[in-house]
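One letter stands for each residue in the lines below.
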Amino acid sequence: KNRDVVSWSVMISGYAHHGDGQPALDLFNKMQEEGVTPSKVSFLGVLKACASTRNLDQGRIIHDQIAHTRLMFDVLIGSTLIDMYAKCGSLEEAREVFDCLPNRNIVVWGAMVAGYAQHGLGVPALELYKNMQEENVIPDKVLFASVLQACTSIRELDQGRLIHDEAIRDGCESHIVVGNTLVDLYAKCGSIEEARRIFDSLTSRDVVSWATMISGYAQHGQGHEALECFQMMESEGLSPDVVVFTCILKACGRSGAIHMGEQIHDKIVAMGL
């Protein structure tokens, strides 16, 4: 069989991209057993596989391999290492990689801020965001979503409003990921009217948008509004997911809407959920 590093890398990346982490890891190990030296593409694929399988030990071994090559200072490799450590719950190691990178672009900053935000560590995420601004790095939509998520985790509404203003200035407010995070921020911080204003202004809405708005209403005891939102969602042809069903059942319970609850129960059974 004649397989070069490109062949192996394409296959490893394919598995990793589709969330099949273990086959990607198995293939990476087999590639090395056959004496093929990994490339940047294969390293990126296998690090993504470590992140999806939460395989921290394997990730550390691969990091050690990369440390002995010139790829250690590559920003894409660096951001993928940060993401891997963060997803595996080792934020200290993620931060070590971040601090060691001589050149940090928006992807690197975004990976570190997202890592903190995903673990509910809003304070260090906001500190890092401030440091990034001091270095004149312009945020993108992904970073805005992460830093808004950080504000939500510590219920920092005032800071969230300031970042919202920045997102508007940079033209990122209308992006669905940023919009959904803004709806979540305002709803969880108790400003449900503002959440609805953002929701209504979204040019496109996915299941996450509707789930966030319905959840906001349910959490604030506004069952009637949550039910109206659910019916609007269905009228637009979107199928509810588990999160939406959980929130709307809570809304039915709080508003005493037993008949609507029964109808939703039937839908859940029909969908096999």
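As the structure is a prediction and not an experimental result, all values here were calculated from the model. (Residues numbered from 1 in each chain as written. Predicted model: local features only at pLDDT ≥ 70, side-chain atom pairs only at ≥ 80, totals over all residues. Heavy atoms only, no water.)

### Observations regarding the state of the cysteines
Link 1 in the chain: Considering all chains together, one arrives at 0 disulfides under this definition.
Link 2 in the chain: No disulfide involves Cys 229; its nearest neighbouring cysteine sulfur is the one of Cys 247, lying 11 Å away.
Link 3 in the chain: Given a relative accessible area of 1%, Cys 229 falls into the buried group. (Disulfide = S-S within 2.5 Å. Buried < 20%, exposed > 50% of the residue type's maximum accessible area, 1.4 Å probe, protein only.)

### Some details on helix H2 (residues 21-33)
Link 1 in the chain: For H2, with 13 residues, the first-to-last C-alpha span of 19 Å sits near the 18 Å given by 1.5 Å per residue.
Link 2 in the chain: Looking at H2, one finds that the buried residues are Gly 21, Ala 24, Leu 25, Leu 27, Phe 28 and Met 31. Buried residues of H2 fall within an arc of 165° about the axis and therefore sit on the same side.
Link 3 in the chain: At its buried positions, H2 is contacted by helix H1 (5-17), helix H3 (40-53) and helix H4 (56-67).
Link 4 in the chain: Looking one or two residues beyond H2, the residue adopting positive phi is Gly 35, at roughly 80°. (Helix = DSSP H or I, 4+ residues; strand = E, 2+ residues; numbered from the N terminus. Expected span 1.5 Å × (residues − 1). Arc of directions from axis to C-beta. Contact = heavy atoms within 4.5 Å.)

### Structural notes on the pattern of salt bridges
Link 1 in the chain: Inspection of the entire model under this criterion finds 13 salt bridges.
Link 2 in the chain: Put simply, Arg 60 and Glu 93 hold a salt bridge, and the shortest N to O gap is 2.9 Å. Highlighted residues: Arg 60 in helix H4 and Glu 93 in helix H6 (residues 91-100), separated in sequence by 33 residues.
Link 3 in the chain: By relative accessible area, which is 36% here, Arg 60 ends up partly exposed. (Salt bridge = Lys/Arg side-chain N within 4 Å of Asp/Glu carboxyl O.)

### Side note on the packing of helix H7 (residues 106-118) against helix H9 (residues 141-153)
Link 1 in the chain: One way to put it is that H7 packs onto H9 with a least axis distance of 9 Å and a crossing angle of 25°. With respect to H9, the axis of H7 lies roughly parallel. The way H7 lies across H9 gives a crossing that is left-handed. On the side of H7, the interface is formed by Ile 106, Trp 109, Gly 110, Val 113, Ala 114, Ala 117 and Gln 118, while H9 contributes Leu 143, Ser 146, Val 147, Gln 149 and Ala 150.
Link 2 in the chain: A per-class count over the contact of H7 with H9 returns 8 nonpolar, 4 polar and no charged. (Axes fitted to C-alpha atoms, helices over the stretch in contact; angles between N-to-C directions. Parallel < 35°, antiparallel > 145°, perpendicular 65-115°, else oblique. Left-handed = near helix turned anticlockwise from the far one by under 90°. Nonpolar A, V, L, I, M, F, W, Y, C, P; charged D, E, K, R; others polar.)

### Here we look at helix H10 (residues 157-169)
Link 1 in the chain: When the terminal C-alpha atoms of H10 are compared, their 18 Å separation across 13 residues agrees well with the 18 Å that a helix rising 1.5 Å per residue should span.
Link 2 in the chain: Looking only at H10, the buried set comprises Leu 157, Gly 160, Ile 163, His 164, Glu 166 and Ala 167. The arc that holds the buried residues of H10, viewed along the axis, is 165°, so those residues lie on one side. Those residues of H10 that are exposed and angled more than 90 degrees off the buried face are Asp 158 and Arg 169.
Link 3 in the chain: On its buried face, H10 sits against helix H8 (122-134), H9, helix H11 (176-188) and helix H12 (192-201).
Link 4 in the chain: Gly 171, located one to two residues past H10, shows a positive phi value of around 75°.

### Observations concerning the environment of Tyr 129
Link 1 in the chain: Structurally, Tyr 129 is set in helix H8.
Link 2 in the chain: Looking at Tyr 129, the relative accessible area reads 2%, which means it is buried.
Link 3 in the chain: Between the C-alpha atom of Tyr 129 and that of Trp 109, which follows or precedes it by 20 residues, the distance is 8.0 Å.
Link 4 in the chain: Among all residues touching Tyr 129, those that are not within four sequence positions of it are Val 113, Pro 139, Leu 143, Phe 144, Val 147, Ile 163 and Glu 166.

### Some details on the nonpolar core
Taken as a class, soluble globular proteins show a tendency for nonpolar side chains to be buried jointly.
Link 1 in the chain: Ranked by internal contacts, the top residues of the largest apolar core, which has 86 residues, are Ile 82, Ile 214 and Ile 248.
Link 2 in the chain: Those residues in contact with Ile 214 that sit more than four places away from it in its chain are Ala 226, Cys 229, Phe 230, Met 233, Val 244, Cys 247 and Ile 248. (Core = buried A, V, L, I, M, F, W, Y, C linked by side-chain atoms within 4.5 Å.)

### Remarks on the side chain of Ser 191
Link 1 in the chain: Tracing the sequence through the fold places Ser 191 in the loop between H11 and H12.
Link 2 in the chain: Setting aside chain neighbours within four positions, we find Ser 191 in contact with Arg 161 and Tyr 186.

### With respect to the packing of aromatic side chains
Link 1 in the chain: Enumeration over the complete set of coordinates arrives at 4 aromatic pairs.
Link 2 in the chain: Here the aromatic rings of Phe 28 and Phe 43 are separated by 6.0 Å at their centres, their planes lie at 50°, and the arrangement is tilted. You can see Phe 28 sitting in helix H2 and its partner Phe 43 sitting in helix H3, a full 15 residues away along the chain. With respect to burial, Phe 28 and Phe 43 carry one shared label: buried.
Link 3 in the chain: Judged by centre distance (6.4 Å) and plane angle (50°), the rings of Phe 230 and Phe 245 are tilted. Taken together, the residues span a long stretch of sequence, with Phe 230 in helix H14 (residues 223-235) and Phe 245 in helix H15 (residues 242-255) at a distance of 15 residues. Summarising the burial analysis for this pair, Phe 230 and Phe 245 share the class buried.
Link 4 in the chain: Across from the ring centre of Phe 98, 4.4 Å away, lies the NZ or CZ of Arg 104, which sits over that ring.
Link 5 in the chain: Over the face of the ring belonging to Phe 199 we find Arg 205, whose NZ or CZ atom lies 4.5 Å from the ring centre. (Phe/Tyr/Trp six-rings, centres within 6.5 Å; stacked < 30°, edge-to-face > 60°. Lys NZ or Arg CZ within 6 Å of the ring centre and 35° of its normal.)

As far as function goes, none of this settles anything; it's purely spatial.
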